[in-house]
Amino acid sequence: MDVREIETQKTWEALADRVMAPLPQRWLYGDAAKRVGREVVRLCVFEGAAPVALAQIVMRSMFGIRTHLITRGPLFFDEPDKVSRKTALRSLRRALPQGIKLASPEERLGRVPLSTPPEIAELDLRPCLSGLRTQMNGKWRNGLKKAEATRLKVARLEATPAALMPLLQAEKDRQAAGKYRALPPEFTLALQEVAPRSLRLFTSSDAQMLFVVHGNSATYQIGHSGPEGRAQNAHNLILWEAMQRLKAEGVMRLDLGTLDTAKAPDLARFKLRSGATARRLAPAALI
């Protein structure tokens, strides 16, 4: 097997679409990481002309120690046997400079686990619209019906830094209060700087939700609702509107992010009751 660096966005995204890559393995994520001072390399392991594994690596140095991190990767094409998987991982490891080489992968790598495996919620947007509504939990669907019966309307705003600021400030306050851990709001601004057309900002009443489109998939980034929005189930209405619009754009899967039933049980229920499926990822490990 040989490892090749992918240097063009078009080639990388074509490969990423084949494995329906999550946001951390997309070109725009790497560009945002560069914007906040990280080094990024994009590698693909090939067996002849056939791609075997894809990995975007974000690198940083702390206290003189270089760390290489593959978040939500490497991603494997098809289902390689154990020998091929080990060979691909060894090839990736050798292609990187000296340092600590970590991955928080989608699937177990056969290494000693270094963390508790996270759980995420995913919405399959390929069914028809009536099918998407049918798979919603009854309570969630009733909340949506109540929101639809009001005068609430959902508007899509241009995701400028000024338009994002109230949402980012609310996110910063929640993270500072220790309610949960996520990417810092500054990273969202970096995404806006490098790929503003990828952001989808929706608002209704005093509620907002922000999504990032990346190829044939998309990710829910952050959201906030004030008292009026909560009383009127505005987030149900916004998410349903987003599901319809993203589906129309050709998005097949919507990643709703991690499920934290301990620190954010209400948010976890909201995500799952929307019709999403929970999926357990693999623990972090050395590659």
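Preceding this section is the structure that the text describes.
Here is a short report on the structure shown in this document. (Residues numbered from 1 in each chain as written. Predicted model: local features only at pLDDT ≥ 70, side-chain atom pairs only at ≥ 80, totals over all residues. Heavy atoms only, no water.)

## Some details on the packing of aromatic side chains
Counted under the stated rule, the structure contains 4 aromatic pairs. With a centroid separation of 6.0 Å and 70 degrees between ring planes, the pair formed by Phe-202 and Phe-211 is classed as edge-to-face. A single burial state applies to Phe-202 and to Phe-211, both of which are buried. Over the aromatic face of Phe-76 sits the side chain of Arg-85, whose NZ or CZ is 4.4 Å from the ring centroid. Arg-133 extends its terminal NZ or CZ atom over the ring of Trp-240, reaching a point 5.2 Å from the ring centre. (Phe/Tyr/Trp six-rings, centres within 6.5 Å; stacked < 30°, edge-to-face > 60°. Buried < 20%, exposed > 50% of the residue type's maximum accessible area, 1.4 Å probe, protein only. Lys NZ or Arg CZ within 6 Å of the ring centre and 35° of its normal.)

## Some thoughts on a nonpolar patch on the surface
On the surface, Ile-65, Ile-100, Val-112, Leu-114 and Leu-286 cluster together into a nonpolar patch covering about 450 Å² of accessible area. Along the chain, Val-112 falls in the loop between β6 (100-104) and β7 (119-124). (Patch = residues over 30% accessible without salt bridge, like charges linked within 9 Å, V, L, I, M, F, W, Y side chains within 5 Å. Areas by Shrake-Rupley, 256 points an atom, 1.4 Å probe, with all protein chains shown as cover. Salt bridge = Lys/Arg side-chain N within 4 Å of Asp/Glu carboxyl O. Helix = DSSP H or I, 4+ residues; strand = E, 2+ residues; numbered from the N terminus.)

## A look at unusual backbone geometry
Of the consecutive residues Gly-73 and Pro-74, the connecting peptide bond is found in the cis state with omega at 0 degrees. Considering the arrangement of structural elements, one finds Pro-74 in the loop between β4 (65-71) and β5 (75-76). With phi around 55 degrees, Asn-233 is a residue other than glycine that occupies positive phi space. Mapped onto the elements, Asn-233 comes out in the loop between α8 (227-231) and α9 (234-248).

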